[in-house]
Amino acid sequence: MEKRFADDDVIKRLLHEAQTWAFVGLSDNPERTVYDQARLLQARGKRIIPVHPAAETVLGETGYSSLAEVPEKVDVVAVYRRSELAGQAVDEAIAIGAGAVWLSLGVIDEAAAQRASDAGLDVVMDRCPGVEWALRRGL
């Protein structure tokens with residue numbers, strides 16, 4: 001993977017400045033990694049938006065079945081889907097004008113990351129927000 005999809009400055013800026021995070025794949029299942037990551041960012045003052053086909057309410061926030069249904073500006077789309085499904089979420093992030101996409105640890109789609117980058121979005125790939133936050137304790 002290219003370093004540009006794990007740029008330290010981009011990671012720091014997103015963790016520090018981005019306020020609204022849409023989590024693609026977030027359901028009300030507390031056993032899933034995405035639930036833990038959304039809860040962690042919410043506890044640090046970020047607005048989280050669940051995006052899941054079942055459109056459940058998660059962590060007190062209304063869920064939407066797709067990014068296109070989210071009625072507000074999204075700073076970061078965090079993708080918690082299998083790599084082969086990540087491209088669709090990235091394309092939706094581009095379509096809604098999100099500021100960035102963050103593909104979670106183990107989610108790798110170089111072509112989708114390049115499309116997002118070409119569209120002007122910041123891209124982080126194969127990284128965990130919680131781990132990255134812990135590595136930068138002073139944010």
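Up top is the structure these notes are about.
Since the structure is predicted, the reported quantities are computational estimates derived from the model, not experimental observations.

### Side note on the environment of H52
With respect to the helices, strands and loops of the structure, H52 is situated in the loop between β2 (47-51) and β3 (76-79). Look at H52 and you get partly exposed, because its relative accessible area is 21%. Residues H52 and L67 lie 15 residues apart in sequence; the distance between their C-alpha atoms is 9.0 Å. Setting aside residues no more than four positions away along its own chain, H52 makes contact with G25, L26, S27, Y64 and S65.

### Some words on the pairing of strand β5 (residues 122-125)
Here strand β4 (residues 100-103) runs beside β5; their pairing, made up of 4 bridges, is parallel. Its bridge partner lying in β5, L103 is registered against M125. Each parallel crossover has a hand, and for β4 linked through helix α4 (residues 110-118) to β5 it is right-handed.

### Some remarks on the nonpolar core
Grouped together as the largest cluster of nonpolar side chains are 25 residues, with contacts concentrated most on I49, V51, L67, V77, A93, V101 and L103. Of all the secondary structure elements, the ones that give two or more residues to this core are β1 (20-24), β2, β3, α3 (83-96), β4, α4 and β5. For this core, the element with the highest residue contribution is α3, accounting for 4 residues. Grouped together as the second largest cluster of nonpolar side chains are 21 residues, V10, F23, A38 and W102 included.

### Overview of the side chain of D126
Looking at the secondary structure, you find D126 in the loop between β5 and α5 (129-135). Lacking a salt bridge, the buried D126 has R127 as its closest oppositely charged neighbour, with an N-O distance of 4.3 Å.

### Concerning the pattern of salt bridges
Tallied over the full model, the rule gives 10 salt bridges. Close ionic contact of R47 with E72 constitutes a salt bridge, the shortest N to O distance being 2.7 Å. Residue R47 is located in strand β2, and its partner E72 is located in the loop between β2 and β3; the two are separated by 25 residues in the primary sequence. Note that R115 and D91 form a salt bridge whose closest N and O atoms lie 2.8 Å from each other. Here D91 lies in helix α3 and R115 lies in helix α4, a separation of 24 residues in the sequence.

Procedures and definitions
Residues numbered from 1 in each chain as written. Predicted model: local features only at pLDDT ≥ 70, side-chain atom pairs only at ≥ 80, totals over all residues. Heavy atoms only, no water. Helix = DSSP H or I, 4+ residues; strand = E, 2+ residues; numbered from the N terminus. Buried < 20%, exposed > 50% of the residue type's maximum accessible area, 1.4 Å probe, protein only. Contact = heavy atoms within 4.5 Å. Pairing = 2+ DSSP bridges. Right-handed = clockwise from strand over helix to strand, strands pointing away. Core = buried A, V, L, I, M, F, W, Y, C linked by side-chain atoms within 4.5 Å. Lys, Arg positive; Asp, Glu negative; His and termini not counted. Salt bridge = Lys/Arg side-chain N within 4 Å of Asp/Glu carboxyl O.

Read these as layout, nothing more, since geometry by itself doesn't imply function.
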